[in-house]
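These are the residues of each chain, in order.
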Amino acid sequence: MRESLEEAHYNLYAYITKEAFNKNFEDVKSSITKDSLSTLEITSLFQAVISKANNGHTEISFPGSVYINYAYSGGTVFPLELAFEHGKVLVRKNWSQNHALAPGAEVKSINNLPMDEVLQKIYPLLSAERRYFKLAKLELMSFPRLYWQAFGEQKNFEVEINKKGDIETHIIHSIRVLEDYEMKRNEVYSDKRELKFLNQAAYLKPGNFGGDEQKYRSFIDSSFVEIKTKGLPALIIDFRNNLGGDDTFSDYLVSYIADRPFRWNSEFTLKTSAILKKHVRKNYDTTSVYWQKVLTHEDGSTYPYEFPLYNPQPADKRYSGKVYVLVNRQSHSQSAVTAAQIQDYKFATIVGEETGDFPSLYASQYSYVLPHTAIEVKLSKGYIVRVNGSKKAEGVIPDMYIKDHLLDEDDEILDGLVKYIENEH
């Protein structure tokens, strides 16, 4: 795995020195003390190596198939969903029978291990550029799942909480994965597509930028026909809890609010390799110019690729009122890049909280399979710079900051913006 990462990654040592990466590799390798490892164990070891690159798009995913088998065999998990706010670990949902652990209670330790140390055991399972994004990914994947991966099955938990200044200790029991946890909760991400109207504003949720492109375009086309018919002064486009996807999807959406030709980046550079070429020949149309360049450049070389300007829709189809785009820490990958693109061209006002993902980032992710374990490795073949050219290590910073309170079901970002729009009109 290390050899393939060095061969195929655009810049494996962008966020860590080679010496530090190799030291971690040797530490992980020397931690192996037995001859035979389960799929779960080896996945965790490989994650501990790859996550040290501190690149969110260079990762090995949560071992979902192992977790599903565990769930169907009667497995159990920690019963609290957690949120991470202002350096504190807070109860977000309580699936246990102990109702004293209400949302908002601060969790100080689990089984006598302080939460900082609990998180240090979980962090190597998650790839991210910084702690803010690691915690966003932890919320996305869910604490009970990752606690199980890091610590194994445990039937009882001694949980210390800070409840309005009073320290309390509670014993809680594990819950069944399927019946008591997975079937009762909603995933953090949402690929739902939705159009609705909120008094003075149309609200459009495009969903992730992937799937059936024709269906996606049809949804966008019909939505803007309806939006234009209503003639409302504001349009809200929601990129929150969006896993990203492909620029062909996002650019099509942007074409309905753009007033001039545009690109989704200012600079896009790729690295080709034997591994990438094998992946391209297997999965893509090699007659396209984009993939031809991957195949014709020498292994290990990097080269720029310039996307053509994308034209806006005809004026009679475009929305010409005030546009707002919602983002949060769960606006991932292409959704963060697109929010930055919209912000840099001033096509809309960005509202919400800083994205976890950087809009200038090592991405353009693809995957390959390791030969012995069949574990899938995802890595970054490209480097993308946002439209304004900034390479700062930061997320998309909203023009209008509104904090979402994670411990309730209220939507402070959307509700706050709707009130603002109503006051404006």
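Anything mentioned here points back to the structure above.
This report concerns the structure included in the present document.

1. Some details on the overall build of the protein
Check the secondary structure of the protein and you find 14 helices and 18 strands. On C-alpha atoms alone, the protein measures out to a radius of gyration of 23 Å, which is about the 22 Å that the 2.2 N^0.38 rule sets for 425 residues. Dimensions along the principal axes, computed over C-alpha positions, put the protein at roughly 65 × 55 × 35 Å. Of all 425 residues assigned to the protein, the portion counted as buried reaches 53%. Sequence-distant contacts, at least 24 apart, represent 73% of the contacts inside the protein between residues at least 6 apart. As displayed, the protein has an accessible area near 19,400 Å², and 48% of this comes from carbon and sulfur atoms. Computed over 51 positive and 58 negative side-chain charges, the inter-centroid distance for the protein is 2 Å.

2. A look at the packing of aromatic side chains
Note on aromatic pairs: each is described by the distance of the centres and the angle between the planes. The full count for this structure, using the stated rule, is 35 aromatic pairs. With a centroid separation of 6.4 Å and an interplanar angle of 85 degrees, the aromatic rings of Trp 95 and Tyr 181 are classed as edge-to-face. On the criterion of sequence distance, the pair formed by Trp 95 in the loop between strand S3 (88-94) and strand S4 (106-110) and Tyr 181 in helix H8 (residues 177-182) is long-range, its members being 86 residues apart. Of the two residues, Trp 95 and Tyr 181, both sit in the buried class. Seen from their ring centres, Phe 262 and Phe 347 are 6.0 Å apart, and the 80 degrees between their planes marks the pair as edge-to-face.

3. Side note on the sheet that holds strand S9 (residues 194-198)
Here we have six strands laid out as an open sheet, ordered S9-S10-S11-S14-S15-S18, and mixed in their pairing. A strand with exactly one partner marks an edge of an open sheet, and here the two such strands are S9 and strand S18 (400-401). Taken together, the five bridges between strand S11 (residues 234-238) and strand S14 (residues 322-327) define a ladder with parallel strand orientation. Note on S14: the bridge partner recorded for Ile 236 is Tyr 324. Of the strands in this sheet, S9, strand S10 (201-205), S11, S14, strand S15 (349-352) and S18 touch helix H14 (residues 412-424), which is tilted by about 160 degrees from S14.

4. Digging into the pattern of salt bridges
For the coordinates displayed, the defined rule picks out 30 salt bridges. Salt-bridge contacts for Glu 354 lead to Arg 130; the nearest nitrogen and oxygen are separated by 2.9 Å. Of the two residues, Glu 354 sits in the loop between S15 and strand S16 (361-369) while Arg 130 sits in the loop between helix H5 (115-122) and helix H6 (131-141), which places them 224 residues apart along the sequence. The partner of Arg 263 in a salt bridge is Glu 306, with the nearest N and O atoms 3.1 Å apart. In this pair, Arg 263 sits in the loop between helix H10 (247-254) and strand S12 (267-271) while Glu 306 sits in the loop between strand S13 (302-304) and S14, placing the two residues 43 residues apart along the sequence. Judged by relative accessible area, Glu 306 falls into the exposed class, the value being 63%. The network of salt bridges with common partners includes Glu 81, Arg 145, Glu 182, Arg 185 and Glu 187.

5. Re the packing of H10 against helix H13 (residues 334-345)
The relative placement of two packed helices is expressed as an angle between their axes plus a distance between the axes. It is at 10 Å that the axes of H10 and H13 come closest, and there the two elements cross at 35 degrees. Judged by the sense of rotation from one axis to the other, the crossing of H10 with H13 is right-handed. Judged by residue contacts, Asp 247, Ser 250, Asp 251 and Val 254 of H10 engage Gln 334, Thr 338, Gln 341 and Ile 342 from H13. Considered class by class, the residues forming the contact of H10 with H13 number two nonpolar, four polar and two charged.

6. Observations concerning the pairing of S14
In terms of burial, S14 is a largely internal element, five of the six residues being buried. When S14 meets S15, the two strands line up parallel, connected through four bridges. When the bridges of S15 are listed, Val 327 appears paired with Gly 352. A crossover connection joins S14 to the parallel S15 through H13; in handedness this β-α-β unit is right-handed.

7. Digging into the sheet that holds S12
Reading across the sheet, the four strands line up as S13-S12-S17-S16 and stay open at both edges, with antiparallel pairing between neighbours. Bordering the open sheet on either side are S13 and S16, each of which pairs with just one other strand. Each strand of the sheet is rotated relative to its neighbour by a mean of 30 degrees, with strand direction disregarded. Seen against the sheet, helix H11 (residues 274-283) touches S12, S16 and strand S17 (376-385) and runs at an angle of roughly 70 degrees to S16.

8. Let's talk about the environment of Glu 160
Mapped onto the elements of the fold, Glu 160 is located in strand S6 (residues 156-163). A residue is classified by how much of its surface remains accessible, and Glu 160, at 28% relative accessible area, is partly exposed. Distance in space between the C-alpha atoms of Glu 160 and Lys 192 is 37 Å, their sequence separation being 32 residues. Sequence-distant contacts of Glu 160, defined by excluding residues within four places in its chain, comprise Glu 106, Val 107, Lys 108, Ser 109, Ile 167, Glu 168 and Thr 169.

9. Looking at the packing of H11 against helix H12 (residues 289-296)
Interhelical geometry of H11 versus H12 gives an angle of 145 degrees and a closest axis separation of 9 Å. Crossing hand, H11 versus H12: left-handed. Where H11 approaches H12, its residues Leu 276, Lys 277, Val 280 and Arg 281 are matched on the opposing element by Trp 291, Val 294 and Leu 295. Classifying every residue of the contact of H11 with H12 by side-chain character gives five nonpolar, no polar and two charged.

10. Here we look at H6
Taking burial as the measure, the eleven residues of H6 include eight buried ones, the bulk of the element. Within H6, the full set of buried residues consists of Phe 133, Lys 134, Leu 135, Ala 136, Lys 137, Leu 138, Glu 139 and Leu 140. At its buried positions, H6 is contacted by strand S2 (80-85), S3, H5 and helix H7 (143-151). Just downstream of H6 lies Ser 142, where phi reads positive at about 90 degrees.

The rules behind the values
- Residues numbered from 1 in each chain as written.
- Predicted model: local features only at pLDDT ≥ 70, side-chain atom pairs only at ≥ 80, totals over all residues.
- Heavy atoms only, no water.
- Helix = DSSP H or I, 4+ residues; strand = E, 2+ residues; numbered from the N terminus.
- Rg over C-alpha atoms; globule rule 2.2 N^0.38 Å.
- Buried < 20%, exposed > 50% of the residue type's maximum accessible area, 1.4 Å probe, protein only.
- Contact = heavy atoms within 4.5 Å.
- Areas by Shrake-Rupley, 256 points an atom, 1.4 Å probe, with all protein chains shown as cover.
- Lys, Arg positive; Asp, Glu negative; His and termini not counted.
- Charge placed at Lys NZ, Arg CZ, Asp CG, Glu CD.
- Phe/Tyr/Trp six-rings, centres within 6.5 Å; stacked < 30°, edge-to-face > 60°.
- Pairing = 2+ DSSP bridges.
- Axes fitted to C-alpha atoms, helices over the stretch in contact; angles between N-to-C directions.
- Salt bridge = Lys/Arg side-chain N within 4 Å of Asp/Glu carboxyl O.
- Left-handed = near helix turned anticlockwise from the far one by under 90°.
- Nonpolar A, V, L, I, M, F, W, Y, C, P; charged D, E, K, R; others polar.
- Right-handed = clockwise from strand over helix to strand, strands pointing away.

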